[in-house]
Amino acid sequence: MQTVVGVAVVRDGLVLAAYRVGGGWEFPGGKVEPGETDEQAAVREIREELDLEIKVGDSLGPGVDISADYRLHVYLATAVAGDPVLREHAELRWFGPAELDEKNWLEPDRPFVRALRDRL
């Protein structure tokens, strides 16, 4: 099973979310490449997707199966440099804790939204 990392990038008490066309909101990220740790993949993916530098923190809980082949792990991260650039998604948005309605998120991300809301 391949690991996919999602990253809950936090800045000033807000969390960055990316909207996938035809789906919903998700934590940006991507696949962990061979030889990478989850944390290294998170830094690389956010740099590639959003042109943003981050410092990866704690996991938001156990992995969630996306399919028979992929398992999603989501990590907290702090934005340390740059502003997010829209490249691969339809929209980017910063959400406050009160705005984190899990119904609007992709199914695999929803348990992490609950965990994140408790931490913000």
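Quantities reported herein were computed from a predicted structural model and do not represent experimental measurements.

A closer look at the pattern of salt bridges
According to the stated counting rule, one finds 11 salt bridges in the structure shown. A salt bridge links Arg47 to Glu53, with the shortest nitrogen-to-oxygen separation between them at 2.8 Å. Taking the relative accessible area as the measure of exposure, Arg47 reaches 39% and is therefore partly exposed. Under the relative-accessibility criterion, Glu53 is labelled partly exposed at 28%. Residue Glu107 is joined to Arg110 by a salt bridge in which the shortest nitrogen-to-oxygen separation is 2.9 Å. Residue Arg110 is classed as partly exposed on the basis of its relative accessible area of 24%. Each of the salt bridges in this network shares a partner with another, and the network as a whole consists of Glu36, Arg44, Glu45 and Glu48.

Section: unusual backbone geometry
Even without a glycine there, the phi angle at Asp12 is positive, about 55 degrees. Within the fold, Asp12 resides in the loop between β1 (2-11) and β2 (14-20). Judged by relative accessible area, Asp12 falls into the exposed class, the value being 76%. For Asp51, which is not a glycine, the phi torsion comes out positive at approximately 55 degrees.

The rules behind each value
- Residues numbered from 1 in each chain as written.
- Predicted model: local features only at pLDDT ≥ 70, side-chain atom pairs only at ≥ 80, totals over all residues.
- Heavy atoms only, no water.
- Salt bridge = Lys/Arg side-chain N within 4 Å of Asp/Glu carboxyl O.
- Buried < 20%, exposed > 50% of the residue type's maximum accessible area, 1.4 Å probe, protein only.
- Helix = DSSP H or I, 4+ residues; strand = E, 2+ residues; numbered from the N terminus.

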